[in-house]
Amino acid sequence: MNPSDAADWDLVLAGDSAALGRFFDRHHQRLFRHAYGVIGDREDAQDAVAVAFFELWRKRASVRLVDGSPLPWLLTATSYAARNVERSARRYRRVLARVPRDDEATGDIVAHDESGVFAALKRLPSAERDVVVLSVLEGFPEKETAQTLGIPEGTVKSRLARAKRRLRGEIESWELA
């Protein structure tokens, strides 16, 4: 953790909301990219980051630090918040789909992933997806990923191997199509 993060985290623990604001300013772009990678929608990704920082503030006394940094915890919280936001949006779209439309209505505008990689990532079981996001997309070592998720390092390795096998199978099926 960089020195300004360490100093601000001590202040956050003491209840200093301005220190949380500085922490937000330094890390919100990275968390936004992370959330956007999980759900693929800009506004929903921004909402997920806001929820994650709210949770960081609310649970600051019990946040599990990795190498003295709350960032891995925050990345995991952002993942969970992004999935919750996505689930809410999906329910909302289902409700809208039942509402009668006039002939001139244009339907939902849905951003999509041209390569299909994010869609394939979303189809992974959440336990495997969490490991892929933290260790592959965010670049955390397996040890830190294990600490962040509260699982043994060997479990990280096996989930990562399973996820890679599943993703490889999907990519191979794209090439055959």
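Note that the structure is a prediction, hence the values are computed from the model and not measured. (Residues numbered from 1 in each chain as written. Predicted model: local features only at pLDDT ≥ 70, side-chain atom pairs only at ≥ 80, totals over all residues. Heavy atoms only, no water.)

Digging into the overall build of the protein
So, step 1. A count of helices and strands for the protein gives eight helices and zero strands.
So, step 2. In the protein, the order of α-helices and β-strands from amino to carboxyl end is α-α-α-α-α-α-α-α.
So, step 3. The buried share of the protein, taken over its 177 residues, is 37%.
So, step 4. Contacts in the protein between residues at least 24 apart in sequence constitute 62% of all its contacts with a sequence separation of at least 6. (Helix = DSSP H or I, 4+ residues; strand = E, 2+ residues; numbered from the N terminus. Buried < 20%, exposed > 50% of the residue type's maximum accessible area, 1.4 Å probe, protein only. Contact = heavy atoms within 4.5 Å.)

Structural notes on a positive patch on the surface
So, step 1. Together, Arg87, Arg90, Arg91 and Arg93 make up a region of like positive charge exposed at the surface.
So, step 2. With respect to the secondary-structure elements, Arg91 resides in helix 4 (residues 71-98). (Patch = residues over 30% accessible without salt bridge, like charges linked within 9 Å, V, L, I, M, F, W, Y side chains within 5 Å. Areas by Shrake-Rupley, 256 points an atom, 1.4 Å probe, with all protein chains shown as cover. Salt bridge = Lys/Arg side-chain N within 4 Å of Asp/Glu carboxyl O. Lys, Arg positive; Asp, Glu negative; His and termini not counted. Charge placed at Lys NZ, Arg CZ, Asp CG, Glu CD.)

Thoughts on the nonpolar core
So, step 1. Of all hydrophobic cores here, the largest spans 37 residues; its most connected members are Leu31, Phe53, Leu56 and Leu74.
So, step 2. Looking at this core, the elements that each hand over two or more residues are helix 1 (3-13), helix 2 (17-39), helix 3 (42-58), helix 4, helix 6 (126-137), helix 7 (142-149) and helix 8 (153-176).
So, step 3. The leading source of residues in this core is helix 2, at eight residues.
So, step 4. Apart from residues lying up to four places away in sequence, Leu74 is in contact with Phe23, Leu31, Ala52, Phe53 and Leu56. (Core = buried A, V, L, I, M, F, W, Y, C linked by side-chain atoms within 4.5 Å.)

Details of the confidence of the model for the protein
So, step 1. For the protein, the average pLDDT comes to 83, and 84% of its residues sit at 70 or higher.
So, step 2. Mean pLDDT values over the elements of the protein span from 80, in helix 5 (residues 117-122), up to 94, in helix 3.
So, step 3. Scored below 50 in pLDDT, residues 102-110 makes three contacts in the model with residues more than four places away or belonging to other chains. (pLDDT = per-residue confidence, 0-100.)

So, unusual backbone geometry
So, step 1. One non-glycine residue, Asp67, adopts positive backbone phi at about 50 degrees.
So, step 2. Mapped onto the elements of the fold, Asp67 is located in the loop between helix 3 and helix 4.
So, step 3. Judged by relative accessible area, which is 58%, Asp67 ranks as exposed.

As for the packing of aromatic side chains
So, step 1. One pass over the structure, following the stated rule, counts four aromatic pairs.
So, step 2. Pairing Trp9 with Phe23 gives two aromatic rings, centres 6.4 Å apart and planes at 50 degrees, and the pair type is tilted. One end of the pair, Trp9, is in helix 1; the other, Phe23, is in helix 2, with 14 residues separating them in the sequence. Taken as a pair, Trp9 and Phe23 share a single burial class, namely buried.
So, step 3. Between the aromatic rings of Phe32 and Tyr36, the centroid separation amounts to 6.0 Å while the plane-to-plane angle is 20 degrees, which identifies the pairing as stacked. Taken together, the residues span about one helical turn, with Phe32 and Tyr36 both in helix 2 at a distance of four residues.
So, step 4. Of the residues examined, Tyr36 reaches a relative accessible area of 34% and is grouped as partly exposed.
So, step 5. Grouped by ring-pair contacts, the aromatic residues Trp9, Phe23, Phe24 and Phe53 constitute a single cluster.
So, step 6. The cationic tip of Arg60 hangs over the ring face of Trp57; the distance from NZ or CZ to the ring centre is 3.9 Å. (Phe/Tyr/Trp six-rings, centres within 6.5 Å; stacked < 30°, edge-to-face > 60°. Lys NZ or Arg CZ within 6 Å of the ring centre and 35° of its normal.)

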